[in-house]
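Residues per chain are reported as follows:
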Amino acid sequence: MISDVFTFLVGGKAGEGVKKAGSVAAHIFSNMGRQVFQMDDYMSLIRGGHNFSVVSTSSRRITSQYMKANLVVNFDKRSCDTHINDIADGGIVIFNSDEQKGVDGIGIPLSSEAEKYPMKKLMYGVGAVAILSSTIGLSKDQMNQNIKNQYPRGIEDNIKFAGSIYDMVKVGCQNRFPLERGDKERKILTGNESISLGALAGGLNVYYGYPMTPASSILHFLAKQAENFGLAVVHPESEIAVINMAIGSAFTGARSMVGTSGGGFALMTEGFSLAGITETPLLCVLSMRPGPATGVPTYTEQADLMFALSAGHGDFLRIVSSPGTVEEAYYLTAEMLDLVWKFQTPGILLTEKHLSESSMTVDIDIHNAKWAEMKKHNEGKYKRYLDTNDGVSPLLFPPSNEVIKCNSYEHDEYGITTEDAHVIAKMHEKRNKKVDALLEYLKDKKTVNIIRGEHPTNIFAYGSTYLSVLEALRYGKLNPTTIQPIFLSPLPTWELKEFKNQDNIVVEQSISGQFTKLLTEKAGLKVKQTIKRYDGRPFDPIELSQQIKEVLK
Amino acid sequence: MGFETNAEITWCPGCGNFGIRTAFQNAVLELEKKGVKREDIIISSGIGCHAKIFDYINLSGIYGLHGRNSSNAEGVKIANPDLKVITFSGDGNGLGEGLAHTIYAAKRNQDITLVLHNNNVYALTTGQFSSLTPPGWRGPSTPRGSFEIPFNAISLMIEVGATFVARSYAGDIKHLTETLIKAVEHKGFSFIEVLQPAMPYHKWEEYKDKIENLNEEPKSKEESFKIAHNAHRFTIGIFHQEIREVYHKSLYGDLNPVKNSISRKIRLEKINEILKY
């Protein structure tokens, strides 16, 4: 038993309310002032299959799900079989006795009980909430209040159904897992919600997205908030249209963002390059899932790093960064919006399914978000591509009496097409000045998170893998120094110098070790070993702490 | 203020594109007389001979990628619906590489104008057959003659939802100017196919004798479609006009996302509201 963590796992078919039950559990815990990490594992289908939600909670900060659960609720046989090894010491399994007999655990006639109500199978999730409520010692009143708040449809039936399940579990299991209260109630956010809010805080005006897991929920969240925030949120015919529309919008001064996953981003790269030569401020959220090609749509990986770093044909400045926590996703999205406008170049906020779609209790200081600022043209004759000391030309937007020409061909300072050797070289040099300007700007900004430890070995991770590492170290009571580069292009080599010849371990989710390559090639780091996972699943803190321990030996 | 830029004009002498440029400039002058402000006019183009018009007319806009110009135009309009957006396209650019974008701009009734320079050929890339080339074209990619059937651009655009569909001719500046004015004034997606010879590949004579005016005024979409379908491909005139809610109005009503951008302070208050426990 992991003494300070309680984990609830619920599994069943898609359409039975598995994910909802997980999120209600997360709310129950956060209502108690506890912190929560929820990971949903689901297949690429609408009905059937096997889905599960795993919610780990603690009275301290928690940054990962644990795959050893104290309470496992299985709606069907497949869930029982799948999670047979996911039970913590002293944990209990509650299964649907209408689906199977003779298995270890406590059988509850979930199906026959649900059959009594018109919603039938849709109520299984409510049953799971009742089981959780009973085992963690909530009163029926407390449970009913949660159900009322979280399941607005069919409240009376739900409460009646939950009551009978609660009583069935009571015998022997009531208050089996008493949970202490935490310090304060916190909001629960997914990574994608945090990214969306960060973009809104940074000044977002338009969002374009073509549905693709795991980025779609940004499109959905912003579409829902469009009226509230005065946004245009559009789902066009393809990712190619997405990025070209965003470039059109940015031309008018609109802060534009697009979001997708690897395959969609592959289609966007032509437009990404267009943003490079036209010096269009454009932010793209790239949420990685296992590739190549269609890969595994609803799972996680970090194998698009090299692709992101070199996306688009031709030489131009690309800014790539990756948030390590759900909170950081908020600040970093706003900061990236600011950076792409400051330096008039495309940027990528690189993340993964594990961060995009997992939920956490968060402490966010919303006022700490940057606001997208830009260099503006004041008066006089306008040249869209005026050569300047830092390579950044002042911006002007239509309507204006001055002519603003934005050009995909190599162009002169006015934006008129050129094939002149001197002008071609000069414009390359102009755009290239922005590389140094950005480096100079970032030098005194926070570009890396370092937590100093006592062990002489250092651990490097980026993106959501950082969350897994933090939890693994907490679980294993290990204290190496952990380093999470927030920026991947430019890689903050000035911050990494001190680790160059030390003992370094990298943890990442890519079979070829793309992040390791980046660190060794760009920062000259010596890497002793890379701990990799590439089965689509995020690291489990218990397993990962074992792996880290072995390397630290 | 003139329309000239410092760009060197590299269209072939006698190219139909000169006629399109002249007619467009005339149309802008006429529209200005009618109260349209020149600074509100934004142009975009794809890549090909048609697209060079971007460099040769001193108006603001985006010289985009091959086939993607109507998406740029849509993005401009969505962010700032006060702007009048005209996008220029070639037959290969707009109905080959950019077919999906052209069709979807019409489907959405995006309030922009698309001018399709139809020279029946990929001119700039040395004469390959295009989406509108009749079978039998001996180009470098089809040395034994092309054998695909061409699209009928007019009936296609009526079918997919364009609310103003016309054909004009680069050799009839008056007709083209008038059609351009009507297209820009039309509220909704307006499409003009402009017949234009490309000098190395065609002769003006091939067009002159065949051009004929559309004498009918179709009463319904079905009738428009039928006429467009059966008409001679040198028939010029307005084939279809209808009124349908424009895209940006359906999307956000009277909002202008750029002009009405919400302040940081109000945004943070709204975010605070969302994050309230």
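Model, not experiment: these values are computed from the prediction. (Residues numbered from 1 in each chain as written. Chains lettered and ligands numbered in written order. Predicted model: local features only at pLDDT ≥ 70, side-chain atom pairs only at ≥ 80, totals over all residues.)

### So, the overall build of chain A
Note the cut-off: Each helix is a run of H or I in the DSSP string that is no shorter than four residues. Each strand is a run of E no shorter than two, and both are numbered from the N terminus. Our radius of gyration looks at C-alpha atoms and nothing else; its globule reference is 2.2 Å times the residue count to the power 0.38. Neighbour density around each residue's C-beta defines its exposure: 20 or more other C-beta atoms within 10 Å make it buried, 12 or fewer make it exposed, and counts between make it partly exposed, where C-beta atoms are placed from the backbone. Note on contacts: each residue gets a C-beta atom placed from the backbone, and two residues are in contact if those atoms are within 7 Å.
Scanning chain A for helices and strands turns up 18 helices and 21 strands. The C-alpha radius of gyration of chain A comes to 25 Å, within 12% of the 24 Å expected for a compact globule of 553 residues. Each principal axis of the C-alpha atoms in chain A carries an extent, and together these give about 85 × 55 × 40 Å. Across the 553 residues in chain A, those meeting the buried criterion constitute 57%. Across chain A, every contact between residues at least 6 apart in sequence was considered, and the portion connecting residues at least 24 apart equals 72%.

### Thoughts on the sheet that holds strand E20 (residues 503-508) of chain A
Two modes of strand pairing occur in sheets, parallel and antiparallel, and in both the strands are linked by backbone hydrogen bonds. Residue and element names in this part refer to chain A. Selection criterion: When DSSP locates at least two bridges between a pair of strands, those strands are taken to pair. Inter-axis angles, ranging from 0 to 180 degrees, are taken between N-to-C directions of lines fitted to C-alpha atoms, where helices are fitted over the stretch in contact.
Ordered by their spatial adjacency, five strands build an open sheet running E16-E18-E17-E20-E21, and the pairing between neighbours is mixed. The sheet is open, and its two borders are formed by strand E16 (448-451) and strand E21 (529-532), each paired with just one other strand. Each strand of the sheet is rotated relative to its neighbour by a mean of 20°, with strand direction disregarded. With four bridges joining them, E20 and E21 adopt parallel strand pairing. Bridge pairing links Glu508 to Lys532 in E21. Across the face of the sheet, helix H17 (residues 514-523) comes into contact with strand E17 (455-460), E20 and E21 while running at roughly 145° to E20.

### Structural notes on the domain arrangement of chain A
Residues and elements named next belong to chain A. Test applied: Residue ranges assigned to the domains are those given by an automatic or database domain assignment.
We note that the domain assignment places domain 1 (5-173), domain 2 (188-368), domain 3 (375-445) and domain 4 (448-552) within chain A. When each unit is reduced to the centre of its C-alpha atoms, the spacing between domain 3 and domain 4 is 38 Å. Listed per partner, the contact involves four residues of domain 3 and four residues of domain 4.

### Quick look at helix H5 (residues 99-107) of chain B
Along H5 of chain B, the residues classified as buried are His101, Thr102, Ile103, Tyr104, Ala105 and Ala106 of chain B. Buried residues in H5 of chain B make contact with helix H9 (239-251) of chain A together with helix H3 (69-79), helix H4 (91-97), strand E4 (113-118), helix H6 (153-160) and strand E8 (190-195) of chain B.

### Quick word on the nonpolar core
Test applied: Each nonpolar core consists of buried Ala, Val, Leu, Ile, Met, Phe, Trp, Tyr and Cys residues. Their C-beta atoms, within 7 Å, join them into a set.
With 226 residues, the main nonpolar core has Ala25, Val129 and Ala246 of chain A together with Phe191 of chain B as its most contacted residues. Broken down by element, the residue count for this core peaks at 12 residues, all from helix H12 (residues 326-343) of chain A. In this structure, Cys15, Cys49, Val121 and Tyr122 of chain B belong to the second largest nonpolar core, which totals six residues.

### Let's talk about the environment of Ile238 of chain B
All names here are of chain B. Looking at the element boundaries, Ile238 is found in strand E10 (residues 235-241). Judged by C-beta crowding, with 21 C-beta atoms within 10 Å, Ile238 ranks as buried. Residues Ile238 and Ile47 lie 191 residues apart in sequence; the distance between their C-alpha atoms is 27 Å.

### A short note on the packing of H3 of chain B against H5 of chain B
Each pair of packed helices gets described by two things: the angle between the helix axes and the distance between those axes. All names here are of chain B. Our working rule: Each residue gets one label: Ala, Val, Leu, Ile, Met, Phe, Trp, Tyr, Cys and Pro are nonpolar, Asp, Glu, Lys and Arg are charged, and the others, such as Gly, are polar.
Where H3 meets H5, the axes come as close as 8 Å, and the angle between the chain directions of the two elements is 35°. Note on element contacts: H5 touches H3 through His101, Thr102 and Ala105, opposite Ser70, Ser71 and Glu74. Taken together, the residues of the contact of H3 with H5 sort by class into one nonpolar, four polar and one charged.

### Things to note about the environment of Gly67 of chain B
All names here are of chain B. Along the chain, the position of Gly67 falls in the loop between strand E2 (61-63) and H3. For Gly67, a count of 26 C-beta atoms within 10 Å corresponds to the buried category. Residues Gly67 and Gly90 lie 23 residues apart in sequence; the distance between their C-alpha atoms is 8.5 Å.

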